[in-house]
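This is what each chain is made of:
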Amino acid sequence: MDQAGLARAIDELAARDIEAVAVGFLHSFTNPDHERRTGEAIVRRLPEMGVTLSSDVSPEMREYERFSTACANAYIQPLMGRYLKGLERELQQTGFVCPLLLMTSGGGITTVETAIRYPVRLIESGPAAGAIFAGCIARQHGLDQVVSFDMGGTTAKICLIDKAQPQTARLMEVARVYRFLKGSGLPLRIPVIEMVEIGAGGGSIARLDALKRIAVGPDSAGSQPCPVCYGQGGSAPTVTDADLVLGRIDPHRFSGGKIALDAAGAEHAIADRVGAPLGLSADHAALGISEMVDENMANAARVHAIESGKDARARTLIAFGGAAPLHAARVAEKLGVDRVLVPANAGVGSAVGLLRAPVAYEIVRGRLVRLSEFDAAAVNQLLSEMRAEAEAVVRRGAPTAELTEQRSSFMRYRGQGHEIAVELPVCAFTDADRTPLVQRFEAAYRRLYSRSIPGVDIEILSWVVSLRAPAEGRLAAEAVERPGKAVPLSHRAVFDPDRGEFVDTPIYWRADLVPGAQIRGPAVIAEDETSTVVSADFDARIDRFGYIELTRRES
Amino acid sequence: MVARSNAALAQIHQQIMWSRLIAVVEEQAQTMIRTAFSTSVREAGDLSAGVFDRHGRMLAQAVTGTPGHVNSMANGVKFFLDVFPLSGMKPGDHYITNDPWLTSGHLHDITVVTPSFYRGQAVGLFANTIHVVDIGGLGMGPDGRQVFEEGLAIPIMPLAREGRMNEDLLRIVRANVREPLQVEGDIYACAACNDEGSRRLVEMMDEFEIANLDRLGDQIVEASRAATIERIRKLPRGTYRNSLTMDGYDKPLVLNAALTISDDGIHVDFEGTSPASSYGINVVLNYCLAYTAFGVKCLVAPDVPNNAGSLEPITVSAPEGCVLNANRPWPVAARHTVGQMLPDVVSGCLHQVIAGGVPAEGASSLWNPQIFGGGSLVDEVEEGTDANELPLFSTVIFHCGGTGARPGKDGLSATSFPSGVRTIPVEATESIAPVIFYRREFREGSGGAGKFRGGLGQAIEIGGAGANPIALLCNFERVKNPARGRDGGGVGAAGEVALRSGRPIRPKGRQTVPPRDALQLRLPGGGGFGDPRTRDPEHVRDDVLDGLLTAEAARRDYGVAIDVDGQVDHTETKRLRAR
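Residues numbered from 1 in each chain as written. Chains lettered and ligands numbered in written order. Predicted model: local features only at pLDDT ≥ 70, side-chain atom pairs only at ≥ 80, totals over all residues.

Novice: Would you mind going over the overall build of chain A in detail, with residue names and values included?
Specialist: Assigned secondary structure in chain A consists of 13 helices and 28 strands. Taking 2.2 N^0.38 as the reference for a compact globule, 555 residues should give roughly 24 Å; the C-alpha atoms of chain A span a radius of gyration of 26 Å, in line with that estimate. Viewed in the frame of its principal axes, chain A has a C-alpha envelope of about 80 × 55 × 55 Å. Every one of the 555 residues in chain A was classed for burial, and the buried ones make up 48%. Pairs at least 24 apart in sequence give 63% of the contacts found in chain A among residues at least 6 apart. (Helix = DSSP H or I, 4+ residues; strand = E, 2+ residues; numbered from the N terminus. Rg over C-alpha atoms; globule rule 2.2 N^0.38 Å. Buried ≥ 20, exposed ≤ 12 C-beta atoms within 10 Å, placed from the backbone. Contact = placed C-beta atoms within 7 Å.)

Spelled out as structure tokens, the structure:
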């Protein structure tokens, strides 16, 4: 190591009043020694300095992603450190004695100390909580294949959930220059719940593009200006305005009747900006807006599934977030999904997910191991070190719970550029485990690509150990279902997309419906925060958890 | 089910189906990326995918992909239909070629076309083009003197008939390429992704109850053509000329363009362009059209979807036998070297008519040496080394210089435009090949000066690990002809190629880096835009503090003085700029 060069660099850090620094050396995921010695030298001279080592925060191959992750961590560390320490202190002063835990991007809960050390692991943890919420519902309902659909005011987030586990990845992108354009942001290589996010929400603005095609989003009306129908000065028509014009939202009972919606204003804006240039009435233009946003969401879900080597069909769609129940049935039709669940508390799913997430931590380490030279003792040592590191984190939040460990690895044929995830057994390996490891990899490879390649060596690039305490509590009390036809509260004209006209449609009040209640579509089930549209192809039933279950009728 | 109850609904459905087609081809492309074997497809995204109507008109194209592929494919499908008319195609058929003159300009690109059937009728076609890692021959360098030296040629022929793969063809392919598993795997992936596209198309036709794509196709093509022409008509009619000189292989090449804006479109004539090169950097007309049309579309109608309608108003002509319209059997393997300059040529014409101007010239041509070693491949070894013992390897590294400054924004540093491919991490390359990168950093001062600064190139130093010599297929442009600035902006730095030892090395052709030596590449920067003396002094200061520019260059090129505390010395700056 060039000690003199290092000393000069530290002089410069001192001279420039720098608060936090990231250290990144090539190949440090294999040998972190130089990064560690550099970090120690910095702290010796500048004890107040926040130091992030790339080999600590993201010990995996590919320098750009690793260094970018280290820089992001260093960048937010001073601010997050001050904030979290202050929050913890004030909570204690106010009399809270319980530990303060934080949600991570990977969907687990962690302690304040870990969050201060690796603040980058908290990024996008709100949406992750939504996926955890849907995962809990999947477990509770025994659903193996789920797609969660979280549509709020500005974006829609879609996550695939298999066997109650939201799909995870090790790479995400933040600070995109073009908000929804992949590749325009900075990569972070950390464990994350993988979801696709598109600019489609209740506040997404509709307009005509250069070719007079209806375009919705990705820009949205926030709280100011807002959808035209809120009467707060918004003038650009939004998805919520379209939903109102189509009769799906009751203008008088919106938000529990606290906000009277301006249906005429919404209609005028839609007719003006979208309808007139196309020669369409306001109703048809509103339908065009609604269809386009639904199409965008369904397309995003399909492409996301393909990217993950999965299929969006044959899944149950779990819909939450303020706007999702209005659009879930139509999105399901477009995806070829036959079953939709709209849980109670659909408007605040992410918040519920935060309360249900397990105390958990995931450690990823890059360590190249060729199966032809598999050394069981070295691998066992690596994995038990990782387990100890994860346990130290989890124990702070769950001192006594029984912990579940999962192991996996990222493997590829030697010479390939991409790895695939392969689950590993939690046990001590012996040298005889080489063959079963080959078989595990080949089985996983065939699942994705329908073929394996004989005679090529296989290598493991990185190793993952995830440790979790059990999630606590149930989502909702179970009740007994009493099957029977529900009684509508009223009837209202709601636009039927198939017939292209308004149809007198029964409106139900969700709070009045008891488990077992049955409703034949088309119908609308209204509640304070949102409304669930039951399209003509679906029937609805209230299940024993109080959730609305939509089932597609056999045609 | 969707009933078609009235004209309003039908209009809405047409719009939704157009969006759906774009999603279908994106799924087609993602299926390709998921199932492909070679890194060029999976890592760098060197592919294209699209859906075509019965007449071979491209209706939609996946956003993923390079312009050289997409637009060549758009034009290439009709050549398949000339040889195999749609009426004779059957479900389960796939057709293939890598003919440079009919598709995307070199043998490394394989195009597969697949008919789609709905209720027994052929309703359209799916096509995709991919860059395979090897096609035999000399490799992807410019040293071949005829296309025959550049690898295996596959004329348009069936890849599969009614679901049965053409096993004879696959055996020939396997026997001719260095990476048979990867190449065969990629060919299978081509067929698989077209099948996925067809399945999704059939679902769409079921959902919207349409029997064919004729009406939808006409609407897409018409609307896109009309929108493109509307944009073109906003520009002043006339003929605008530009000329760009590039290094070439052994002698400079002049690319001469006369761009004519008329009421019905834009035509670019390359009369006066240099004759074809004796080395493999020649461009076929189809590929010339692809990159020319991309350059025009980026500036004139960037938001109009790319399809047959939006491409139709943009046409090219080039004298037969020139470097942009090479005849068979002239060599073409490294045709991107010249082709990627075409957007710069077009920009120079359009700068004369587009309000506010267009980006300055950039590095444009990728610097992507093929690096290999071992056995018979290297020219010299260290004394006492047995060449048989050297590790055998072959890899490509993609690297790029800076893009031109934009009107209102700086250029992008070390970013590929127009090709759009990604670079490969140092750690990834070093883990598969016995090479060491000694340096890879922004090249200080390489961005052309301007009110908006050109993007920076990068400095790379790479050699064989230990005493390994490495062989290279070099193909480095803009060493003698740097990227030019616009409206008073300065030139970007010219590229430089050297060996650490000081021994001479040429920027083009096959050579060896001797044992314990290293190749030093200094990639070109982009040109600047506008007078550098009008650049915000604070931005100049930021560049100095970020190490992108020296304080001396700030003073000399920008007239900005930076004091010892790293602040702008406004008095001195005013004095400098007043001169």
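So, next bit.
Novice: Quick one: what's the story with the overall build of chain B, residue by residue and with numbers?
Specialist: From N to C terminus, chain B includes 14 helices and 19 strands. For a compact globule of 579 residues, the expected C-alpha radius of gyration is about 25 Å, and chain B comes in at 25 Å, within 12% of that figure. Each of the 579 residues in chain B was classed as buried or not, and the buried ones make up 59%. Pairs at least 24 apart in sequence give 75% of the contacts found in chain B among residues at least 6 apart.

Novice: How would you sum up the domain arrangement of chain A? Please name residues and give values.
Specialist: Considered domain by domain, chain A is made up of domain 1 (3-93), domain 2 (204-291), domain 3 (365-468) and domain 4 (484-552). Taken over C-alpha atoms, the centre of domain 1 of chain A sits 55 Å from the centre of domain 4 of chain A. (Domains from an automatic or database assignment.)

Novice: Can you explain the interface of chain B and chain A? Please cite residues and give values.
Specialist: You'll often see interface size given as the accessible area lost when the parts meet. Counting residues at the interface gives 34 residues for chain B, matched by 33 residues for chain A. Where the side of chain B that touches chain A is concerned, the elements lending two or more residues are helix H1 (7-35), helix H2 (39-42), helix H6 (214-233) and helix H11 (426-432) of chain B. If one sorts the elements of the side of chain B that touches chain A by residue count, H1 of chain B sits on top with 16 residues. Of the residues assigned to the side of chain B that touches chain A, the class counts are 16 nonpolar, ten polar and eight charged. (Nonpolar A, V, L, I, M, F, W, Y, C, P; charged D, E, K, R; others polar.)

Novice: Please give an account of the pairing of strand S6 (residues 156-162) of chain A that cites residues and values.
Specialist: Residues and elements named next belong to chain A. Buried residues dominate S6, accounting for six of its seven residues. When strand S5 (residues 145-151) meets S6, the two strands line up antiparallel, connected through seven bridges. Looking across to S6, one finds that glutamine 145 is bridged to aspartate 162. Between S5 and S6, which follow one another and run antiparallel, lie four residues. Linking two consecutive strands that pair antiparallel, namely S6 and strand S7 (residues 165-166), is a turn of two residues; a positive phi of about 50 degrees is found at lysine 163 within it. (Pairing = 2+ DSSP bridges.)

Novice: Could you give me a rundown of the packing of helix H4 (residues 167-176) of chain B against helix H5 (residues 180-208) of chain B, with the residues and numbers involved?
Specialist: All names here are of chain B. Look at H4 against H5: their axes get within 8 Å of each other, and the N-to-C directions meet at 145 degrees. Crossing of H4 against H5: the hand is right-handed. Here H4 contributes Leu170, Val173 and Arg174 to the contact with H5, which in turn contributes Pro180, Val183 and Glu184. When grouped by side-chain class, the residues that make up the contact of H4 with H5 number four nonpolar, no polar and two charged. (Axes fitted to C-alpha atoms, helices over the stretch in contact; angles between N-to-C directions. Left-handed = near helix turned anticlockwise from the far one by under 90°.)

Novice: Residue-level account of the sheet that holds strand S19 (residues 420-424) of chain A, with values.
Specialist: Residue and element names in this part refer to chain A. The strand order across the open sheet formed by four strands is S17-S20-S18-S19, and the pairing between neighbours is antiparallel. Where the open sheet ends on each side, the last strands, each with one partner, are strand S17 (360-370) and S19. The mean inter-strand angle of the sheet, taken between neighbouring strand axes irrespective of direction, is 25 degrees. As judged from the nine bridges shared by S17 and strand S20 (residues 458-468), these two strands associate in the antiparallel manner. Paired with arginine 370 across the bridge in S20 is glutamate 459.

Novice: Let's hear about the sheet that holds strand S8 (residues 238-246) of chain B: which residues, and what values?
Specialist: All names here are of chain B. The strand order across the open sheet formed by four strands is S8-S9-S10-S11, and the pairing between neighbours is mixed. With partners counted over all chains shown, the strands left at the sheet margins are S8 and strand S11 (314-317), one partner each. Averaged over all pairs of adjacent strands, the angle between strand axes in this sheet comes to 20 degrees, irrespective of strand direction. Bridging between S8 and strand S9 (residues 253-262) involves nine bridges; their strand directions are antiparallel. Residue pairing across strands places arginine 241 opposite alanine 258, the latter belonging to S9. Packing against the sheet, helix H7 (residues 285-300) makes contact with strand S10 (265-269) and S11, and its axis sits at approximately 135 degrees to S11. Packing against the sheet, helix H10 (residues 342-350) makes contact with S8, S9 and S10, and its axis sits at approximately 140 degrees to S8.

Novice: Hey, could you go over the environment of serine 376 of chain B for me, with residue numbers and the actual values?
Specialist: All names here are of chain B. Tracing the sequence through the fold places serine 376 in the loop between strand S12 (370-373) and strand S13 (393-396). Under the C-beta neighbour-count criterion, serine 376 is labelled exposed, with 9 such atoms within 10 Å. Each C-alpha atom, one on serine 376 and one on leucine 392, is 9.4 Å from the other, the two residues being 16 residues apart in sequence.

Novice: Account for the pairing of strand S2 (residues 58-61) of chain B, naming residues and giving values.
Specialist: All names here are of chain B. Sheet topology note: the strand S1 (residues 47-52)/S2 ladder contains three bridges and is antiparallel. Its bridge partner being in S2, glycine 50 is matched across the sheet by glutamine 61. A loop of five residues connects S1 with S2, the two strands running antiparallel in sequence, and glycine 56 in this loop sits at a positive phi of about 85 degrees.

Novice: So what's going on with unusual backbone geometry? Residues and values would help.
Specialist: Geometrically, the link from glycine 217 of chain A to proline 218 of chain A is a cis peptide bond, its omega value of 0 degrees lying close to zero. Structurally, the position occupied by proline 218 of chain A is in strand S14 (residues 214-220). Phi at alanine 314 of chain A takes a positive value of approximately 60 degrees, unusual for a residue other than glycine. Its 12 C-beta neighbours within 10 Å are what place alanine 314 of chain A among the exposed residues. Phi at arginine 478 of chain B is positive, roughly 60 degrees, even though this residue is not glycine.

Novice: Break down the nonpolar core for me, with residues and values.
Specialist: One finds Phe149, Ile289, Ala319, Ala328, Val340 and Val534 of chain A together with Met32 of chain B to be the most contacted residues of the largest nonpolar core, which totals 315 residues. Beyond its immediate stretch of four places on either side in the chain, alanine 328 of chain A contacts Phe149, Leu317, Ala319, Val340 and Val342 of chain A. (Core = buried A, V, L, I, M, F, W, Y, C linked by C-beta atoms within 7 Å.)

Novice: Outline helix H13 (residues 551-558) of chain B, listing residues and values.
Specialist: All names here are of chain B. By the burial criterion, the buried members of H13 are Ala554, Asp557 and Tyr558. Burial along H13 is one-sided: seen end-on, the buried residues are contained in an arc of 95 degrees. Backbone geometry just after H13 places glycine 559 at a positive phi near 65 degrees. (Arc of directions from axis to C-beta.)

Novice: Can you tell me about H7 of chain B, naming the residues and giving the values?
Specialist: Between its first and last C-alpha atoms H7 of chain B spans 22 Å; for 16 residues at 1.5 Å apiece the expected length is 22 Å, and the two agree. When you tally the buried positions in H7 of chain B, you get 14 out of 16 residues, the bulk of the element. (Expected span 1.5 Å × (residues − 1).)

Novice: Describe the environment of tyrosine 188 of chain B, listing the residues and the values that go with them.
Specialist: Residue and element names in this part refer to chain B. Secondary-structure assignment places tyrosine 188 in helix H5. According to the C-beta neighbour criterion, tyrosine 188 is buried, with 21 such atoms within 10 Å. Remark: the alpha-carbon pair of tyrosine 188 and alanine 36, spanning 152 residues in sequence, is separated by 8.3 Å.

Novice: Tell me about the packing of H7 of chain B against H10 of chain B, and please be specific about residues and values.
Specialist: Residue and element names in this part refer to chain B. Axis separation between H7 and H10 bottoms out at 8 Å; the angle between their running directions is 45 degrees. Of the possible angle classes, the one that applies to H7 and H10 is oblique. In this structure, H7 meets H10 at a crossing whose hand is right-handed. Every residue of H10 that contacts H7 at Cys288, Tyr291, Thr292, Phe294, Gly295, Val296, Cys298 and Leu299 is listed here: Leu342, Pro343, Val346, Ser347 and Leu350. Looking at the contact of H7 with H10 residue by residue, the classes come out as ten nonpolar, three polar and no charged. (Parallel < 35°, antiparallel > 145°, perpendicular 65-115°, else oblique.)

Novice: Which residues make up the environment of aspartate 344 of chain B, and what values go with them?
Specialist: Residue and element names in this part refer to chain B. Its location among the elements puts aspartate 344 in helix H10. Residue aspartate 344 is classed as buried on the basis of its C-beta count, with 28 C-beta atoms lying within 10 Å. Remark: the alpha-carbon pair of aspartate 344 and asparagine 242, spanning 102 residues in sequence, is separated by 9.5 Å. Contacts of aspartate 344, omitting those with residues within four sequence positions, involve Leu244, Glu361, Gly362 and Ser364.

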